[in-house]
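# Fold and contact review
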Amino acid sequence: MKLGQTDISIGKIAFGCWRFAGHDFGAADMLIRTALDAGMNLIDTADIYGFSEFPHLDDQGFGQAEIRLGEVLAAAPSLRKQMVLATKGGIDAIRPYDSSYAYLMRAIEMSLERLQTDYVDLYQIHRPDLTTPMAEVARALNEMVASGKARAIGVSNFTVPQMRALQSYLDMPLVTIQPEFSALEQAPLENGTLDYAEEIDATVMAWSPLAGGKIPLEDGPVQDVLDRIAKTYGISRSTAALAFIRGFGANVLPIIGTQNPARITESGYAAQVNLTGREIYDVVEAYRGESMP
Ligand SMILES: NC(=O)c1ccc[n+]([C@@H]2O[C@H](COP(=O)([O-])OP(=O)(O)OC[C@H]3O[C@@H](n4cnc5c(N)ncnc54)[C@H](OP(=O)(O)O)[C@@H]3O)[C@@H](O)[C@H]2O)c1
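Residues numbered from 1 in each chain as written. Predicted model: local features only at pLDDT ≥ 70, side-chain atom pairs only at ≥ 80, totals over all residues. Heavy atoms only, no water.

## Notes on the pattern of salt bridges
The test is simple: Each reported salt bridge corresponds to a side-chain nitrogen of Lys or Arg within 4 Å of a carboxyl oxygen of Asp or Glu. Where helices and strands are cited, they refer to DSSP runs of H or I of at least four residues and of E of at least two residues respectively, numbered from the N terminus. The cut-offs for exposure are 20% and 50% of the maximum accessible area for each residue type, with area from a 1.4 Å probe on protein chains only; residues under the lower value are buried, those over the upper are exposed, and the others partly exposed.
Under the counting rule described, the total for this entry stands at 16 salt bridges. Between R68 and E71 there is a salt bridge, with its nearest N and O atoms 2.3 Å apart. Residue R68 and its partner E71 are located together in helix α2 (residues 64–75), separated by three residues, close to a single helical turn. For E71, a relative accessible area of 29% translates into the label partly exposed. In this structure, the salt-bridge partner of R95 is D98, at a minimum N-O distance of 3.1 Å. The buried category is assigned to D98, whose relative accessible area is 9%. One salt-bridge network, in which partners are shared between bridges, spans R228, R278, D282 and E285.

## So, the packing of helix α5 (residues 134–146) against helix α6 (residues 160–167)
In plain terms, the rule: Where helices are involved, their axes are fitted lines through C-alpha atoms of the stretch in contact, as for all axes, and angles between N-to-C directions lie from 0 to 180°. Roughly parallel means an angle under 35 degrees; roughly antiparallel means over 145; roughly perpendicular covers 65 to 115; every other angle is labelled oblique. Crossing handedness: left-handed means the near helix sits turned counterclockwise from the far one by under a right angle, and right-handed means the same turn made clockwise. Note on contacts: a residue pair is in contact if any heavy atoms of the two residues lie within 4.5 Å. Side-chain classes follow a simple rule in which Ala, Val, Leu, Ile, Met, Phe, Trp, Tyr, Cys and Pro form the nonpolar group, Asp, Glu, Lys and Arg form the charged group, and the remainder, Gly included, forms the polar group.
Remark: α5 packs on α6, axes separated minimally by 8 Å, with the N-to-C direction vectors making an angle of 60°. On the basis of their axis angle, the class for α5 and α6 is oblique. Like other packed secondary-structure pairs, α5 and α6 cross with a definite hand, here right-handed. Residue-level contacts link M134, V137, A138 and L141 of α5 to Q162, A165 and L166 of α6. By residue class, the composition of the contact of α5 with α6 is six nonpolar, one polar and no charged.

## Considering the packing of aromatic side chains
Each aromatic ring pair is specified by the distance between its two centres and by the angle formed by the two planes. This is how it is decided: Think of it this way: a Phe, Tyr or Trp ring, Trp meaning its six-membered ring, pairs with another when their centres are within 6.5 Å, and the plane angle makes it stacked under 30 degrees, edge-to-face over 60, tilted otherwise. Criterion for a charge above a ring: Lys NZ or Arg CZ within 6 Å of the ring centre, and within 35 degrees of the ring normal.
Taken as a whole, this structure holds three aromatic pairs when the rule is applied. Considering the side-chain rings of F181 and F248, the 5.8 Å spacing of their centres and the 55° angle between planes classify their relative orientation as tilted. Of the two residues, F181 sits in the loop between β6 (176–178) and α7 (187–190) while F248 sits in the loop between α11 (237–245) and β8 (252–256), which places them 67 residues apart along the sequence. For the pair F244 and F248, a centre-to-centre distance of 5.3 Å together with 90° between the ring planes defines the contact as edge-to-face. Through a chain of ring-to-ring contacts, the aromatic side chains of F181, F244 and F248 assemble into a single cluster. The ring of Y119 is capped by R80, whose NZ or CZ atom sits 4.3 Å from the centre of that ring. R139 extends its terminal NZ or CZ atom over the ring of Y101, reaching a point 3.9 Å from the ring centre.

## A short note on the site of the ligand
What counts is decided by this rule: Being near a molecule or strand, for a residue, means having at least one of its heavy atoms within 4 Å of it. We call two N or O atoms a polar contact when they sit within 3.5 Å, provided that within protein one can donate a hydrogen and the other can accept it, with sequence-adjacent residues counted only if both atoms are side-chain atoms. Only the protein chains shown count as cover for residues, with accessible areas throughout obtained via the Shrake-Rupley method and a probe of 1.4 Å.
Taken together, 28 residues lie near the ligand, and R19, D44, S208, T258 and R263 sit nearest. Within the side chain of D44, a nitrogen or oxygen atom sits 2.7 Å from an oxygen atom of the ligand. A distance of 3.4 Å separates a nitrogen atom of the ligand from a polar side-chain atom of Y49. For the ligand, whose unbound accessible area comes to 910 Å², protein coverage reaches 85%. Looking at the shell around the ligand, the elements that each hand over two or more residues are α9 (214–217) and β8. The residue inventory of the shell around the ligand, partitioned by class, reads eleven nonpolar, twelve polar and five charged.

If you want it as structure tokens, here you go:
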């Protein structure tokens with residue numbers, strides 16, 4: 001499939017680096033190769049990933065996930081060519097959100113430096129900054145693309161009105177929308193996020209697609225339905241959960257967070273599983289606690 005309206009080809013599952021900063025080089029290298037081998041060519045990171053994990057550092061680890069990924073890419077430049085590299089900026093952990101022109105232009109420079117690359121394939125605003133006019137955010141994003149520092153742009157955790165406002169000032173379409181979306185967090189089905197993605201032909205990158213581990217680790221009515229579906233297809237509950245969020249009108253790309261190589265490989269199977277409409281509605285109804293009207 002393609003990344004939004006671009007001609008950039010992406011696998012049906014993406015690999016996320018939120019929990020990546022603590023690995024040593026060898027483990028980090030192996031995880032990236034495992035993800036690429038499993039068809040996950042889109043690698044999603046952010047400048048903030050690692051923050052608070054390294055209290056002894058002055059910056060408490062801000063940038064550490066990018067630094068680790070950059071080391072892997074520098075050691076094996078061929079990996080960079082196989083990869084659709086996505087990062088995010090706009091959380092400074094204190095303000096806490098800053099999407100001013102000056103902040104974003106410096107943030108992308110710093111990300112490129114840490115990632116040891118000249119450009120990212122996708123730059124995303126991590127969270128909406130309520131204090132900066134959308135016209136100013138757009139000026140930064142337009143310039144990132146015009147200068148070749150980012151091939152495409154997207155947003156995360158934006159409401160639909162926020163995305164519309166930003167889009168109205170952009171020279172190019174937003175190609176990704178990144179909300180939290182899983183069998184246990186179905187708000188994007190109801191708040192217009194998936195519909196807006198269809199309207200502008202953007203890819204939905206679903207973060208925490210296993211609800212941060214609650215889907216495999218806890219039990220409940222949604223998990224019961226996923227177990228029944230999993231049995232039908234001979235897959236795990238987690239794989240069924242990834243297949244579920246791929247079952248809608250919009251193009252949804254789950255970003256898996258596991259740092260376990262066997263689970264990364266297994267997650268790749270979800271790209272081949274297409275649930276029936278009835279199975280999808282069974283999960284929706286279990287989440288809502290009632291049948292569809
Ligand atoms: N834009 C945003 O604001 C935002 C916010 C959060 C995340 N994200 C993105 O989304 C990605 C995924 O988020 P996430 O890490 O929360 O994803 P997730 O896939 O929902 O959760 C991953 C967690 O579940 C655990 N897990 C998975 N399968 C398991 C199993 N079978 N048994 C026990 N534990 C299991 C993993 O532990 P193991 O490693 O041990 O498997 C890991 O701790 C991030 O890397 C990041 O790229 C974006």
